[in-house]
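Summary of structural features
So the chains spell out like this:
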Amino acid sequence: MAGVPSIPVLYEDNHVIVVIKPPNVPTQEDDSRDPDLLSLIKADLKVRHRKPGNVYLGLVQRLDRPVGGVMVFAKTSKAASRLSDAVRTRTIRKQYRAVVNGKPKEPSGTLRHHLLKDSRTNMVKVVPADKEGAKEAILDYRIVGSQDGLSLLEIELHTGRPHQIRVQFASIGCPLVGDQRYGGASAVPGQQIALWSVSLAFEHPVTKEALRFHSQPPTAYPWLLWEQR
């Protein structure tokens, strides 16, 4: 991407743009006022396409600030509406990889919880289904490998709740490596949360073409535990 080389573009046409979000970049502006992905992409589009006025860019999904990987943005309101509908109807397939402390009891399975976010503390917790404001969270997982007290998981997300993967695995005693907010100690100073958006598949909002994009986690600890094998 011109002017912002740290944000690779995987695909772009008149309707959508698919990028790899770097870790520790907010998806959209937050209280930190740090450069955010939405604003960076809009600024880049304005320069590359020589747009004199405001640039439209629709946010149809989010990744937590510490998380990196594949994301799609809409370049038109029509595309934004259709992609948002696809998110709501769960026809966008979102797959992740994560490294967790410990090992889930089953080699594969489905996690179902009800989550509630405290906007004051920006913390999410598991609550009873009948708790006011609770939202159902569903994901499938598969253990790829385990060593050194850690497990590499493949995850397919069926709902997109705030902090969902982090909270659901913490709730079964397997917090993500590096996720100090939810009980996952860091093995090395400054370590990012070991969670990566590796695959995104969806129907193009206009052409209806089936699209799928991939991004591999960084070549750093703890991901290297499995790459070396």
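Everything below is about the structure printed above this text.
Treat the numbers as computed from the prediction; the structure is a model and nothing was measured.

1. Quick look at the overall build of the protein
The helix and strand inventory of the protein stands at four helices and 11 strands. The C-alpha radius of gyration computed for the protein amounts to 18 Å, which stays within 12% of the reference 17 Å derived for 229 residues, consistent with globular compactness. The positive charge centre, built from 32 side chains, and the negative charge centre, built from 23, are 2 Å apart in the protein.

2. Comments concerning the nonpolar core
Note that soluble globular proteins tend to have their nonpolar side chains buried in a common cluster. Ranked by internal contacts, the top residues of the largest apolar core, which has 30 residues, are Phe-73, Ile-155, Ile-165 and Phe-169. Elements supplying a minimum of two residues to this core: β2 (16-21), α1 (37-48), β4 (68-74), β5 (93-101), β8 (135-147), β9 (150-157) and α3 (164-171). The leading source of residues in this core is α1, at four residues. With residues near it in sequence (within four places) discarded, Phe-73 still touches His-15, Val-16, Ile-17, Val-19, Leu-37, Leu-38, Ile-41, Leu-57, Gly-58 and Leu-59. Counting 15 residues, the second largest nonpolar core, distinct from the first, contains Val-60, Ala-86, Phe-202 and Phe-213.

3. A look at the pattern of salt bridges
By the definition in use, this model includes 13 salt bridges. Notably, a salt bridge pairs Arg-48 with Glu-12, separated by 2.9 Å at the nearest N-O pair. You can see Arg-48 sitting in helix α1 and its partner Glu-12 sitting in strand β1 (residues 9-12), a full 36 residues away along the chain. Between Arg-166 and Asp-179 there is a salt bridge, and its shortest N-O distance comes to 2.8 Å. With Arg-166 in helix α3 and Asp-179 in the loop between α3 and β10 (195-203), the pair connects residues that are 13 residues apart, well separated along the chain. Per residue, the accessibility class of Arg-166 equals that of Asp-179, and both read buried. When salt bridges with common partners are traced through the structure, they connect Glu-12, Asp-44, Arg-48 and Lys-75 into a single cluster.

4. Here's the deal with the environment of Met-71
Relative to the assigned elements, Met-71 resides in strand β4. What makes Met-71 buried here is its relative accessible area of 0%. The spacing of Met-71 and Gln-61 is 10 residues in sequence and 7.3 Å in space, taken between C-alpha atoms. Beyond its immediate stretch of four places on either side in the chain, Met-71 contacts Ile-17, Val-18, Val-19, Lys-21, Thr-27, Leu-37, Leu-59, Gln-61, Arg-62, Leu-63 and Leu-200.

5. Some details on α3
Judged by how many residues are buried, α3 sits mostly within the fold: six of eight residues are covered. When we look at burial in α3, the residues that qualify are Gln-164, Ile-165, Arg-166, Val-167, Gln-168 and Phe-169. Looking at the packing, one finds that the buried side of α3 touches β5, β6 (108-118), β7 (123-127), β8, β9 and β10. Looking at the residues trailing α3, positive phi occurs at Gly-173, about 85°.

6. Focus: the side chain of His-163
Within the secondary structure layout, His-163 lies in the loop between β9 and α3. The residues touching His-163, leaving out its near neighbours within four places in the chain, are Asp-64, Asn-122, Val-124, Arg-181 and Tyr-182.

7. Description of the pairing of β7
Here β6 pairs with β7 via five bridges, running antiparallel. Bridge pairing in β7 places His-114 opposite Val-127. Between β6 and β7, which pair antiparallel in sequence order, lie four residues; one of them, Asn-122, sits at a positive phi of approximately 55°.

8. As for the packing of aromatic side chains
The description of two aromatic rings rests on the distance between their centres and on the angle between their planes. Enumeration according to the criterion identifies three aromatic pairs in this entry. On the basis of an interplanar angle of 35° and a centroid distance of 6.1 Å, the ring pair of Phe-202 and Phe-213 is categorised as tilted. Taken together, the residues span a long stretch of sequence, with Phe-202 in strand β10 and Phe-213 in strand β11 (residues 210-214) at a distance of 11 residues. An aromatic cluster is present here, built from Tyr-11, Phe-202 and Phe-213 joined pairwise through their rings.

Rules of the game
Residues numbered from 1 in each chain as written. Predicted model: local features only at pLDDT ≥ 70, side-chain atom pairs only at ≥ 80, totals over all residues. Heavy atoms only, no water. Helix = DSSP H or I, 4+ residues; strand = E, 2+ residues; numbered from the N terminus. Rg over C-alpha atoms; globule rule 2.2 N^0.38 Å. Lys, Arg positive; Asp, Glu negative; His and termini not counted. Charge placed at Lys NZ, Arg CZ, Asp CG, Glu CD. Core = buried A, V, L, I, M, F, W, Y, C linked by side-chain atoms within 4.5 Å. Buried < 20%, exposed > 50% of the residue type's maximum accessible area, 1.4 Å probe, protein only. Contact = heavy atoms within 4.5 Å. Salt bridge = Lys/Arg side-chain N within 4 Å of Asp/Glu carboxyl O. Pairing = 2+ DSSP bridges. Phe/Tyr/Trp six-rings, centres within 6.5 Å; stacked < 30°, edge-to-face > 60°.

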